[in-house]
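Chain by chain, the residues run as shown.
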Amino acid sequence: MPAIVLVGTQWGDEGKGKATDLLGSSVDYVVKFNGGNNAGHTVVIDDQTYALHLLPSGILTPGVTPVIGNGVVVDLSVLIEELDALEARGVDTSRLLLSANAHVIPPYNRVLDKVNERFLGKRRLGTTGRGIGPTYADKMSRVGIRVQDLYDESILRQKIEAALEVKNQVLLKIYNRRAVEVDEVMTELLLHAERIRPMVIDTGLRLNQALDDGKTVLFEAGQATLLDVDHGTYPFVTSSNATSGGACTGSGVAPTRIDSVIGILKAYSTRVGEGPFPTELHDDSGEFLRKTGAEYGTTTGRPRRCGWLDTVVGRYARRVNGLTDVVITKLDVLTGLNTVPICVAYDVRGTKHDEMPVNQSDVHHAKPIYEELPGWWEDISACRTFEQLPANAQAYVLRVEELIGTRISAIGVGPGRTETIQRFGLLGD
Ligand code: GDP
Ligand code: IMO
Ligand code: MG
């Protein structure tokens, strides 16, 4: 004990990687339970910047055992590239564990993800093109390939053949692409099989044993609440459960074992890819947030869409995830504004909505109702206690806390590991 889940409350890129890294020294295991290398977490330690995609952010902390759970989809070549790159920078990656039940991203799903987006044209989702959606679709259609299949070549061949029967028809007849050979898929998937073999275990068993032994386990979500396939702005979502429930299904640890759920909330909003975004700004303020917050995707380099903080989204995230704590990140980015708007509700065709509308087209038509709070100009990056923040910054945090209804336990005032204000303990103290 304890088991802590950490989730994104908005559309991703809230600073989950930095928060995980911050907690790293106090936890024994960090588990990635959903998504794959569509994630992009930037972690800044002293003068070193690390961009992680597939590996849990806990890998950067000596002593932590990083775990890739069964709910993750794994691109094996990306796994090896990331491990090699970290090893070359002196990071010890030898403790990494990989679930035997995690699905692998076969090369044809990367192709299908990209051609499918091209085919959709104006209706595209703006995916990261990493093969995430097609691989989760295969999992649900029961034609997926799991890590454990790599260690039985005849089973692996049968599974690839079964998948390719349909995939090749689609590639050839719908997308006018070349068919994929079974052998080329076998070769790519088996290339690193022996190297990763020592990491492959029953991670669900290990994590439950660790909790029995009194260890602390942190479950780190990729993506975020509004990108969750069930609870997000469907179909403009990713293909996994990025909310707290996903931590259980994606790891094999039961809900009764989870002690707390930390929501990471950026002090404003961003979104990458298509889909509704009620507080999106198309003016100088949006440009200000993008520039000041360096809002460019870690994975694809795309400029992130920017807007003001949306507490309808925050309240929704509290409910769906059962948040016990919120960490506000990037408060420093709001420094220098005359007033700071907070969206408190939506106006949908003349009707006020305090809660997220259930009807998707209402979300597309939602107009934010703003409350304007006075801004601050002081540099806050050196503040380490709540009381050191300018009065208006304190008032902003307290108002957000009130609107979301969950205590704000930590506040990010810069990208660095130490640039954080801890208000309340995040590990159950
Ligand atoms: P993640 O996907 O949720 O892990 O977030 P990303 O790493 O994609 O994006 C968050 C970005 O904000 C990263 O570049 C972080 O280094 C940076 N960051 C995190 N917290 C803070 C903060 O409190 N202030 C500032 N200025 N930057 C932050
Ligand atoms: P982190 O973990 C922001 C978005 C994509 C696209 C949609 C579907 O860094 O917060 P996918 O490739 O998953 O099928 O794309 O989801 N998306 C993210 N946006 N942060 C992420 O991860 C994302 N992962 C996927 O831009 O709109
Ligand atoms: Mg990110």
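Preceding block: the structure.
The present account deals with the structure reproduced in this document. (Residues numbered from 1 in each chain as written. Chains lettered and ligands numbered in written order. Predicted model: local features only at pLDDT ≥ 70, side-chain atom pairs only at ≥ 80, totals over all residues. Heavy atoms only, no water.)

**Comments concerning the pattern of salt bridges**
Here comes step 1: Per the stated rule, a full pass over the model turns up 27 salt bridges.
Here comes step 2: The residue R423 makes a salt bridge to E401 at a minimum N-O spacing of 3.0 Å. Taken together, the residues span a long stretch of sequence, with R423 in the segment after β20 (420–422) and E401 in helix α13 (residues 391–404) at a distance of 22 residues.
Here comes step 3: You can call E401 buried: its relative accessible area is 18%. (Salt bridge = Lys/Arg side-chain N within 4 Å of Asp/Glu carboxyl O. Helix = DSSP H or I, 4+ residues; strand = E, 2+ residues; numbered from the N terminus. Buried < 20%, exposed > 50% of the residue type's maximum accessible area, 1.4 Å probe, protein only.)

**A closer look at the layout of surface pockets**
Here comes step 1: Put simply, the second largest pocket is a space of about 200 Å³.
Here comes step 2: Lining the second largest pocket are L226, D230, H231, G232, T233, Y316, M356, P357, V358, Q360 and V363.
Here comes step 3: Residues of the lining of the second largest pocket, tallied by class, amount to 6 nonpolar, 4 polar and 1 charged. (1 Å grid on protein atoms, 1.4 Å probe; cavity = no way out; pocket = protein on both sides within 12 Å on 5 of 7 lines; lining within 4 Å. Points joined across faces, edges and corners; volume = space filled by probe spheres on them. Nonpolar A, V, L, I, M, F, W, Y, C, P; charged D, E, K, R; others polar.)

**Topic: unusual backbone geometry**
Here comes step 1: Between Y234 and P235 the backbone carries a cis peptide bond, its omega angle lying at 5°.
Here comes step 2: Notably, D13 is not glycine yet its phi reads approximately 60°, a positive angle.
Here comes step 3: Here D13 lies in the loop between β1 (3–8) and α1 (16–24).
Here comes step 4: Notably, R349 is not glycine yet its phi reads approximately 45°, a positive angle.

**Quick notes on the pairing of strand β11 (residues 260–266)**
Here comes step 1: Burial runs high along β11: 7 of the 7 residues are buried.
Here comes step 2: Across the two faces of β11 the burial is the same, with S260, I262, I264 and K266 and V261, G263 and L265 all buried.
Here comes step 3: Bridging between β1 and β11 involves 5 bridges; their strand directions are parallel. From the neighbouring strand, V7 faces β11, where its bridge partner is G263. (Pairing = 2+ DSSP bridges.)

**Details of the coordination of the magnesium ion (ligand 3)**
The textbook angles at a metal center are 109.5 degrees for a tetrahedron of four donors and 90 or 180 degrees for an octahedron of six.
Here comes step 1: Every protein donor of the magnesium ion (ligand 3) is accounted for by D13 (OD) and G40 (O), and the metal-donor separations fall at 2.0 to 2.1 Å. Taken as a pair, D13 in the loop between β1 and α1 and G40 in the loop between β2 (29–32) and β3 (41–45) lie far apart in primary sequence, 27 residues in all.
Here comes step 2: Residue classification places G40 among the buried positions, given a relative accessible area of 13%. (Donors = N, O, S within 2.8 Å, 3.2 Å for Na, K, Ca; no water.)

**Details of the sheet that holds strand β10 (residues 217–220)**
One key point about sheets: their strands pair by backbone hydrogen bonds, in either a parallel or an antiparallel sense.
Here comes step 1: Strands sit in the order β9-β7-β5-β2-β10-β1-β11-β15-β19-β20 across an open sheet of 10 strands; the sheet is mixed. Edge strands, defined here as strands with exactly one partner in the open sheet, are β9 (200–201) and β20.
Here comes step 2: Across 4 bridges, the pairing between β2 and β10 is parallel. Bridging from a neighbouring strand, Y29 pairs with V217 of β10.

**Considerations on the site of ligand 2**
Here comes step 1: Around ligand 2 sit 20 residues, and of these K16, N38, T128, Q223 and T238 come closest.
Here comes step 2: At 2.6 Å from an oxygen atom of ligand 2 is found a side-chain nitrogen or oxygen belonging to T238.
Here comes step 3: Contact with the protein chains covers 97% of the free accessible surface of ligand 2, which is 550 Å².
Here comes step 4: Class assignment for the residues of the shell around ligand 2 results in 6 nonpolar, 11 polar and 3 charged. (Near = heavy atom within 4 Å. Polar contact = N/O pair within 3.5 Å; in protein donor to acceptor, adjacent residues only side chain to side chain. Areas by Shrake-Rupley, 256 points an atom, 1.4 Å probe, with all protein chains shown as cover.)

**Notes on the nonpolar core**
Here comes step 1: Counting 52 residues, the largest nonpolar core has F219, L331, L334, L389, Y396 and I411 as its most contacted members.
Here comes step 2: Ranked by residue count, the leading element in this core is α13, at 6 residues.
Here comes step 3: Contacts of F219, omitting those with residues within four sequence positions, involve A3, I4, V5, L6, V31, F33, L207, A247, S251, V253 and I258.
Here comes step 4: Core analysis: the next-biggest nonpolar cluster, separate from the first, contains 44 residues, L83, A100, Y175 and M199 among them. (Core = buried A, V, L, I, M, F, W, Y, C linked by side-chain atoms within 4.5 Å. Contact = heavy atoms within 4.5 Å.)

**Overview of the pairing of β10**
Here comes step 1: Neither face of β10 is left uncovered, since the one carrying V217 and F219 and the one carrying L218 and E220 both have all their residues buried.
Here comes step 2: For β1 and β10, the ladder comprises 4 bridges, and the chain directions are parallel. Across the sheet, A3 pairs through a bridge with V217, a residue of β10.

**Considering the environment of G12**
Here comes step 1: Relative to the helices and strands, G12 is located in the loop between β1 and α1.
Here comes step 2: G12 has contacts with Q223, A224, L227 and T270, leaving out every residue within four places of it along the chain.

**Focus: the side chain of D325**
Here comes step 1: Secondary-structure assignment places D325 in strand β15 (residues 325–329).
Here comes step 2: Judged by its relative accessible area of 4%, D325 falls in the buried class.
Here comes step 3: Here D325 is in contact with V261, I262, G263, T406, R407, S409, G425 and L426, once residues within four sequence places are set aside.

**A closer look at helix α11 (residues 311–321)**
Here comes step 1: Across the 11 residues that make up α11, a large majority, 8, are buried.
Here comes step 2: Its side-chain oxygen placed 2.9 Å from the backbone nitrogen of V312, D310 serves as the N-cap of α11.
Here comes step 3: Following α11 by one or two positions, G322 has its phi on the positive side, about 65°.

**Points about the packing of helix α3 (residues 107–120) against helix α4 (residues 132–141)**
Here comes step 1: Remark: α3 packs on α4, axes separated minimally by 7 Å, with the N-to-C direction vectors making an angle of 120°. Taken together, the axis directions place α3 and α4 in an arrangement best described as oblique. α4 is crossed by α3, and the crossing has right-handed handedness. In this structure, α3 uses Y108, N109, L112 and D113 to contact α4, whose residues at the interface are I132, P134, T135 and D138.
Here comes step 2: By residue class, the composition of the contact of α3 with α4 is 4 nonpolar, 2 polar and 2 charged. (Axes fitted to C-alpha atoms, helices over the stretch in contact; angles between N-to-C directions. Parallel < 35°, antiparallel > 145°, perpendicular 65-115°, else oblique. Left-handed = near helix turned anticlockwise from the far one by under 90°.)

**So, the site of ligand 1**
Here comes step 1: Close to ligand 1 lie 18 residues, the nearest being K16, G40, H41, T42 and D332.
Here comes step 2: Within the side chain of D332, a nitrogen or oxygen atom sits 2.7 Å from a nitrogen atom of ligand 1.
Here comes step 3: G412 is positioned such that a nitrogen or oxygen atom in its backbone is 3.3 Å from an oxygen atom of ligand 1.
Here comes step 4: Within the complex, the protein chains bury 92% of what would otherwise be the 580 Å² of accessible surface of ligand 1.
Here comes step 5: Mapped onto the shell around ligand 1, the elements with two or more residues apiece are α1 and β3.
Here comes step 6: Among the elements that take part in the shell around ligand 1, α1 stands out by supplying 3 residues, more than any other.
Here comes step 7: Its residues placed into classes, the shell around ligand 1 shows 2 nonpolar, 9 polar and 7 charged.

These figures come from the coordinates and say nothing about function on their own.
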